[in-house]
Amino acid sequence: MDKIPVILDGDPGHDDAIAWVFAKASPKFDIKAVTSVAGNQTIEKTTINARRICALLGIDAPVARGAVKPMTADPVTAGNWHGDSGLDGPAMPEPDQELSELPAVDLMAKVIRESETPVTIIATGPQTNVAQLLIAHPEVKDKIGKISIMGGGVTHGNWSPAAEFNIFEDPEAAWIEFHSGIPLQMCGLDVTERAIIRPDDFPRIRGIGNQVADIVAGWLEFFYRYPMEIGYDGAPVHDPCAVLSLTHPEIFKMQDLYVDIELEGEYTRGETVADFIGSSGKRPNVTCVLDIDRDRYIDLLVEALHAFDCREVKI
Ligand code: BDR
Ligand code: CA
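Residues numbered from 1 in each chain as written. Chains lettered and ligands numbered in written order. Predicted model: local features only at pLDDT ≥ 70, side-chain atom pairs only at ≥ 80, totals over all residues. Heavy atoms only, no water.

1. Details of the packing of helix 1 (residues 14–25) against helix 10 (residues 211–223)
We apply this condition: Angles run from 0 to 180 degrees between N-to-C directions of axes, and those axes are lines fitted to C-alpha atoms, restricted for helices to the stretch in contact. Strands here are runs of E lasting at least two residues and helices are runs of H or I lasting at least four, both read from the DSSP assignment and numbered beginning at the N terminus. Oblique is the label for any angle not under 35 degrees, not over 145, and not in the 65 to 115 range, which are roughly parallel, roughly antiparallel and roughly perpendicular in turn. Here is the rule for handedness: rotate from the far helix to the near one, and if that takes an anticlockwise turn smaller than a right angle the crossing is left-handed, while a clockwise turn gives right-handed. Residues are treated as being in contact if the distance between any of their heavy atoms lies within 4.5 Å. Gly is placed with the polar residues, together with every amino acid not listed as nonpolar (Ala, Val, Leu, Ile, Met, Phe, Trp, Tyr, Cys and Pro) or charged (Asp, Glu, Lys and Arg).
The geometry of helix 1 relative to helix 10 is characterised by a closest axis approach of 10 Å and an angle of 155 degrees between their N-to-C directions. As judged from the angle between their axes, helix 1 and helix 10 are roughly antiparallel. Every pair of crossing elements has a handedness; the one defined by helix 1 and helix 10 is left-handed. Here helix 1 contributes His14, Asp15, Ala17, Ile18 and Val21 to the contact with helix 10, which in turn contributes Val212, Val216, Trp219, Leu220, Phe222 and Phe223. Class assignment of the residues belonging to the contact of helix 1 with helix 10 gives a composition of nine nonpolar, one polar and one charged.

2. Examining the layout of surface pockets
Over the atoms, a rolled probe matching the size of one water molecule traces out where space is still vacant. Going by this rule: Cavities and pockets were defined on a 1 Å grid built over protein atoms only: a cavity is a set of grid points that admits a 1.4 Å probe from which the probe cannot escape, a pocket is an open set flanked by protein on both sides within 12 Å along at least five of seven lines, and lining residues are those with an atom within 4 Å of any such point. Grid points are joined across faces, edges and corners, and a volume is the space filled by probe spheres set on the points.
By volume, the largest pocket amounts to about 190 Å³. Around the largest pocket sit 13 residues that line it, and Ala25, Ser26, Pro27, His248 and Glu303 are the ones nearest its centre. Among the elements of the structure, helix 1, helix 12 (240–247) and helix 13 (294–306) are those that each provide at least two residues to the lining of the largest pocket. Residue composition of the lining of the largest pocket, grouped by class: eight nonpolar, three polar and two charged.

3. Remarks on the site of ligand 1
The condition that has to hold: We call a residue near a molecule or strand as soon as one heavy atom of that residue lies within 4 Å of the molecule or strand. As used in this structure description, the phrase polar contact means that two N or O atoms lie within 3.5 Å; if the pair is within protein, one of them must be able to donate a hydrogen and the other to accept it, and residues adjacent in sequence are counted only when both atoms belong to side chains. Only the protein chains shown count as cover for residues, and all accessible areas are computed by the Shrake-Rupley method using a 1.4 Å probe. Think of it this way: a molecule belongs to a cavity or pocket when more than half its atoms come within 2 Å of the grid points there.
All residues in the neighbourhood of ligand 1 are listed as Asp15, Asp16, Asn40, His82, Thr124, Met150, Asn158, Glu164, Phe165, Asn166, His238 and Asp239. At 2.9 Å, a side-chain N or O of His82 approaches an oxygen atom of ligand 1. In the environment of ligand 1, an oxygen atom lies 3.0 Å from a nitrogen or oxygen atom belonging to the backbone of Thr124. Here ligand 1 loses 96% of its free accessible area of 280 Å² to cover by the protein chains. Mapping ligand 1 onto the cavity grids shows that it belongs to the largest cavity. Contributions of two or more residues to the shell around ligand 1 are made by helix 1 and helix 6 (165–169). Broken down by class, the residue content of the shell around ligand 1 amounts to two nonpolar, six polar and four charged.

4. Regarding unusual backbone geometry
Cis geometry is found at the peptide bond from Pro12 to Gly13, where omega equals -15 degrees. Mapped onto the elements, Gly13 comes out in the loop between strand 1 (4–10) and helix 1.

5. Considering empty space enclosed by the protein
If you walk through the whole model with that rule in mind, you get one cavity of 30 Å³ or more. Considered as a void within the structure, the largest cavity measures approximately 150 Å³ in volume. Along its surface, the largest cavity is lined by 17 residues, and Asp15, Asn40, His82, Phe165 and His238 are the ones closest to its centre. Counting only elements with at least two residues in the lining of the largest cavity, the list comes to helix 1, helix 3 (79–82) and helix 6.

6. Topic: the packing of aromatic side chains
Our working rule: The rule is short: rings of Phe, Tyr and Trp, with Trp giving its six-membered ring, pair when the centres are within 6.5 Å, and they are stacked under 30 degrees, edge-to-face over 60, tilted in between. Each residue gets one of three labels from its accessible area relative to the maximum for its type: buried under 20%, exposed over 50%, partly exposed in between, using a 1.4 Å probe on protein chains only.
Counted by the stated rule, this structure contains six aromatic pairs. For the ring pair Trp159 and Phe165, a centre distance of 4.7 Å and an interplane angle of 65 degrees mean the geometry is edge-to-face. What makes Trp159 partly exposed here is its relative accessible area of 26%. Ring-pair connections join several aromatic residues into one group, and the members of that group are Trp81, Phe223, Tyr226 and Tyr232.

7. Looking at the coordination of the calcium ion (ligand 2)
How we decide: Water is not among the atoms examined, so metal sites may look incomplete; donors are the N, O and S atoms within 2.8 Å of the metal, or within 3.2 Å for Na, K and Ca.
Surrounding the calcium ion (ligand 2) are the protein donor atoms Asp11 (OD), Asp16 (OD), Asp16 (OD), Thr124 (O) and Asp239 (OD), at 2.2 to 2.6 Å. Spacing between the donor residues of the calcium ion (ligand 2) along the chain follows D-x4-D-x107-T-x114-D. With a gap of 223 residues between them, Asp16 in helix 1 and Asp239 in the loop between strand 8 (235–236) and helix 12 connect regions that are remote in the sequence.

8. Concerning helix 2 (residues 43–57)
Condition: Expected helix span is taken as 1.5 Å per residue step, with the number of steps being one fewer than the number of residues.
For helix 2, built from 15 residues, the straight-helix expectation of 21 Å at 1.5 Å per residue is met to within 8% by its first-to-last C-alpha distance of 21 Å. For helix 2, the buried fraction is high: 11 of the 15 residues fall into the buried class. By the burial criterion, the buried members of helix 2 are Ile43, Thr46, Thr47, Asn49, Ala50, Arg51, Ile53, Cys54, Ala55, Leu56 and Leu57. Where helix 2 is buried, its residues meet helix 1, strand 2 (29–36), strand 3 (63–64) and helix 10. At the exit of helix 2 stands Gly58, carrying a positive phi of roughly 80 degrees.

9. Observations concerning helix 1
Spanning 12 residues, helix 1 covers 17 Å between terminal C-alpha atoms, matching the ideal 16 Å at 1.5 Å per step. Here helix 1 has its buried residues at His14, Asp15, Asp16, Ala17, Ile18, Ala19, Trp20, Val21, Phe22 and Ala23.

Here it is, written out as structure tokens:
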């Protein structure tokens, strides 16, 4: 089987980190680069987290630092969800490789240019790096096979009543991406808030007994507390949906729709507005992922974590 070359772009972040666990464990993917973006925390923090996650998981692709802030909006961070470090909880290994000398968009462009087959970008933070890539290196667009994102939602938001955090953070970047014509798959809150991992799932993850599984259990034990306080019945572990909807589409429900990004609204800036009734007259530009088989999600996490049974790094 030919592996799909992928770039992992994110703002880790507990759920970004778990998304990367799935990506590294999948035999379908060849991880060509990892790029950080400001979002859940500052770029300094998301970049060091990205490098530590790579050291933990044995991802040996180059890691590059991405956008310091959104294209025009003021940056916000999500320390309430992810803690002061952006990845609070268990101790992590130090990075085991130097940061790339290239900025994220240049590394992305290099990987795409040099790839023999189309590259998939999995973007689980604000879409700033992807938009800046398309602006700075428009010639690589035709070699991007697909972009799979965590962001948005067709029914509600989580950072404002209408907008989800990743799109709220940088709506202009999302607008560029959604209008790029590149095949786009969107895991919004519709599906990701059903990708709930509950406290009674934790013993199964701890029980796996390898180092990565213990750390993932520790991340979840930290990450579920804030959402439980505000009324969720566990941790909505959003970002892995952007990976799994590529590797295991059979556990999801999807629908092709025209989706636009609200840039102006006083109450709705950053909303992903989906046309279910065809009144825009526009052809679908997004495959919206709308639901997940949660039990399979947990089974697949356990399966993915067993890929690390023989890995142990110094912490
Ligand atoms: C998104 O925001 C971040 O806090 C998570 O990592 C996820 O990508 C959910 O709204
Ligand atoms: Ca994220």
